[in-house]
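# Observations on the three-dimensional arrangement
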Amino acid sequence: MPFDVYLNVAVSGLLTGLVYGLMALGLSVIFGVIRVVNFAHGEMMSIAMFLAVVLFSAFHLDPLIMMVPIAAVLFAFGYALQSGLINPFITRPEHSQFLLLVAVGIIIVNVLLIVFGPDARTVQTAYGFDSFQIGPLIVDAAKVYAGAAAVLFAALLFAFFRFTRVGTAIRACADNHTGALVVGLNVERLYALTFGIGAACVGAAGAMMTLIVDVTPMIGPTYTLLAFVIVITGGLGSMAGALLGGLLIGLTEALAGLIFTPSAKSMFAFGILVLVLLFRPQGLLGKRAA
Amino acid sequence: MAARLLAGLPRRAVIALALVVGALVVAPWIVNDYLITVLILILYLAFTGQAWNIMMGFAGQLSLGHALYAGLGAYIAAALFTRYGVGPWVGVLLAMPVAAACGAIIGFLAFRFGVAGVYFAILTIAFAEFARIGFDHLAIVNAAAGLFLPVAQYTHNDLWRLRGDPTMFYYVILAATLAVLALCRILRQSRIGYFWLAIREDEEAARAAGIATFRYKMYAVMISAAVTSFAGVFYAFFYNNLFPEQVFNISQSIQMILGPIIGGVGTLFGPILGAFVLTGLAESLTAALTACGVDLPGAEQVFYGVCLLFVVGALPEGIWPWLSRRCGIAERTA
């Protein structure tokens, strides 16, 4: 196969990887602060994807613009979920939290199934078949827009955690739960905010994802697993790690799909996960837990 | 033997257990074929839940990839049967060591490299997913097209080759569930069981007290994996068809561990109770929705999820610890 085929596939994989990264960023933020693994992460993304599909097919609203209101809706959902359900569980053992979020996931998948039926849905934008050509490189326009939007969203999030008072307070909760309580932070509310922010990330990522893949109610668990793979590869709790992990997994999947067979592509993603867990359990950019 | 197993249980608990076992033994004469199939599913989940509980409930190692061991057992026995005509009981003899070896590899890698907690749980998912996709492309077991066991009308039950009517399968899985219950009871009361409890409660302290934590965690994974693989063999011969997409799916792993979590992690009777409650719940939801004329795919699952939320919210330790205290049949905690 000529070299530029590989190059094209690699670039396309990296752009998809940016959207993966944003999705995983949500999981990473939630785990890094609340220490709860969101086993309903992919399911939450499928909510966002269906919102985007409905807004598009009913009102012809572009998912790239709609990602802002969709992220807001998911923020509200995440906030409510954390303050209503998960907050009492933060001191419970992991298997208890796991069960809680699995139950949430089951409910989401099946509500979507009842409302939208089992068929795959898709968004056909006007620029769906456009592409940019740079030398030998041909890139889907939709993927470029989605990747750029993911980078923008992630940058805003970095800025929020770095420069705002609330962001600093949330980081304080993550660093030292007791200390945060002692200085008078409302930890439960900050946790709810954090879960909301994580949900907003996955919401925005979901809206963009509709430009790349079809959506069915059943895709949730697949993306939950994918988000785990990415986040652990990059380092659970590390924001930059989630983006790096997304790029790496996006690239791996694309190349594995080209060289071997598309159906075997996630095997390589899991292979990377196993290697990372064995040789660098804290992830590529993660810090060793004390 | 039986006396030693029952020693230390309150008299009321022994009577209750005898009643339940008695009811299960005579059940095939009373209930119809459909309910026998439901009971088989319940006992299957009780069995796998019990096996998972050895690892998580006793030794505190959270595995979310137990479908791997069941799937290996199923595929090994089914492949031997269809290709070489080797019976399931010989298959079990091969499946158990292979599953234990897989558990040992995962355990070795994880425990050596200090992978613990959530990371360990996700590593177990990764291996199961790896196997799922791998078997999907493995031509020797028909890859994604699935492996089928020959089904025919049997005039008599062939226990040796596990070919026969549901009642035979029912007694096989009932015997297996009771055997694994006894095994768990023995393990719990033995040296290894106490070591596990120590590791579960505080691994650092256990190590400081001189327990070889690495070795005992390995035992937990290997025993749990080997026991689970037996369930896989049973699954293959009862359902007669295997698809990697199904048997290695994470939803299988989740289904296996819901029972023990709902019933009570680390208890002896929790996994069994949990299996009865959850499967009973699912079946009655289906029946209730059909009776109401609701025909919505997914509606039953939504209720199921809501019930899970309710139980896990109301009874953090699971149903069994709460129920046994209420009925005065709590195991004396060691």
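This section reports on the structure supplied with the text. Treat the numbers as computed from the prediction; the structure is a model and nothing was measured.

### Focus: the overall build of chain B
Across its full length, chain B holds 15 helices and 2 strands. Taking 20 Å as the expected radius of gyration for a compact globule of 334 residues, we find that chain B reaches 20 Å, a close match to that expectation. C-alpha extents for chain B along the principal axes are approximately 60 × 45 × 45 Å. Out of the 334 residues in chain B, the part that is buried amounts to 54%. Considering only contacts within chain B whose residues lie at least 6 apart along the sequence, 76% involve residues at least 24 apart. For chain B, the exposed surface amounts to about 14,300 Å²; the carbon and sulfur share of it is 67%. Here chain B carries 18 positive and 15 negative side-chain charges, and the mean point of each set is 14 Å from the other.

### Points about the packing of aromatic side chains
A full pass over the atoms with the stated rule returns 28 aromatic pairs over all chains. Ring centres of Phe39(A) and Phe98(A) lie 4.7 Å apart, and the angle between their planes is 85 degrees; this geometry places the pair in the edge-to-face category. Of this pair, Phe39(A) sits in the loop between helix H1 (3–34) and helix H2 (41–59) while Phe98(A) sits in helix H4 (residues 94–116), and the two are 59 residues apart along the sequence. Given a relative accessible area of 12%, Phe39(A) falls into the buried group. Taking 5.3 Å as the distance between ring centres and 55 degrees as the angle between the ring planes, the aromatic pair formed by Phe269(B) and Trp320(B) counts as tilted. Here Phe269(B) is found in the loop between helix H12 (250–263) and helix H13 (270–291), whereas its partner Trp320(B) is found in helix H15 (residues 319–327), with 51 residues between them in sequence. An identical accessibility class is assigned to Phe269(B) and Trp320(B); each is buried. Three or more aromatic residues link up through ring pairs in this structure, and these residues are Tyr44(B), Phe169(B), Phe234(B), Tyr235(B), Phe238(B) and Tyr239(B). Over the aromatic face of Phe89(A) sits the side chain of Arg92(A), whose NZ or CZ is 4.1 Å from the ring centroid. The ring of Phe214(B) carries Arg112(B) above its face, with NZ or CZ at 4.3 Å from the centroid.

### Considerations on helix H11 (residues 265–279) of chain A
The terminal C-alpha atoms of H11(A) lie 22 Å apart, and with 15 residues this matches the ideal 21 Å at 1.5 Å per residue to within 8%. Here the buried face of H11(A) lies against helix H9 (220–234) and helix H10 (239–259) of chain A together with helix H5 (88–112) and helix H6 (118–136) of chain B.

### Section: empty space enclosed by the protein
One pass over the full model with this rule turns up 3 cavities of 30 Å³ or more. The volume enclosed by the largest cavity comes to roughly 80 Å³. Taken together, Arg35(A), Val36(A), Val37(A), Phe39(A), Glu94(A), Gln97(A), Phe98(A), Leu62(B), Leu64(B), Val118(B) and Ala121(B) make up the full set of residues lining the largest cavity. For the lining of the largest cavity, the secondary-structure elements that each account for two or more residues are H4 of chain A together with H6 of chain B.

### Observations concerning the interface of chain A and chain B
At the junction of the two partners, chain A supplies 39 residues and chain B supplies 40 residues. Carbon and sulfur atoms make up 84% of the surface buried where chain A meets chain B, a total of about 3,600 Å² over both sides. Where chain A touches chain B, the interface holds 0 salt bridges. Summed over the shared surface of chain A and chain B, the number is 2 residue pairs in polar contact (both at pLDDT 80 or more). When residues of the side of chain A that touches chain B are traced back to their parent elements, those giving at least two are H4, H9 and H11 of chain A.

### Quick word on the pairing of strand E1 (residues 131–134) of chain A
Relative to strand E2 (residues 137–140) of chain A, E1(A) is paired through 4 bridges, and the arrangement is antiparallel. Bridging from a neighbouring strand, Ile134(A) pairs with Leu137(A) of E2(A).

### Some words on a nonpolar patch on the surface
A contiguous nonpolar patch, built from Val25(B), Val26(B), Trp29(B) and Ile30(B) and spanning about 450 Å² of accessible area, is present on the exposed surface. Mapped onto the elements, Val25(B) comes out in helix H2 (residues 11–30).

### A short note on the side chain of Asn8(A)
Among the structural elements, Asn8(A) can be located in helix H1. Residues in contact with Asn8(A), not counting those within four places in the same chain, are Pro136(A), Leu137(A) and Ile138(A).

Rules used in this analysis
- Residues numbered from 1 in each chain as written.
- Chains lettered and ligands numbered in written order.
- Predicted model: local features only at pLDDT ≥ 70, side-chain atom pairs only at ≥ 80, totals over all residues.
- Heavy atoms only, no water.
- Helix = DSSP H or I, 4+ residues; strand = E, 2+ residues; numbered from the N terminus.
- Rg over C-alpha atoms; globule rule 2.2 N^0.38 Å.
- Buried < 20%, exposed > 50% of the residue type's maximum accessible area, 1.4 Å probe, protein only.
- Contact = heavy atoms within 4.5 Å.
- Areas by Shrake-Rupley, 256 points an atom, 1.4 Å probe, with all protein chains shown as cover.
- Lys, Arg positive; Asp, Glu negative; His and termini not counted.
- Charge placed at Lys NZ, Arg CZ, Asp CG, Glu CD.
- Phe/Tyr/Trp six-rings, centres within 6.5 Å; stacked < 30°, edge-to-face > 60°.
- Lys NZ or Arg CZ within 6 Å of the ring centre and 35° of its normal.
- Expected span 1.5 Å × (residues − 1).
- 1 Å grid on protein atoms, 1.4 Å probe; cavity = no way out; pocket = protein on both sides within 12 Å on 5 of 7 lines; lining within 4 Å.
- Points joined across faces, edges and corners; volume = space filled by probe spheres on them.
- Buried area = accessible area lost by both parts, 1.4 Å probe.
- Salt bridge = Lys/Arg side-chain N within 4 Å of Asp/Glu carboxyl O.
- Polar contact = N/O pair within 3.5 Å; in protein donor to acceptor, adjacent residues only side chain to side chain.
- Pairing = 2+ DSSP bridges.
- Patch = residues over 30% accessible without salt bridge, like charges linked within 9 Å, V, L, I, M, F, W, Y side chains within 5 Å.

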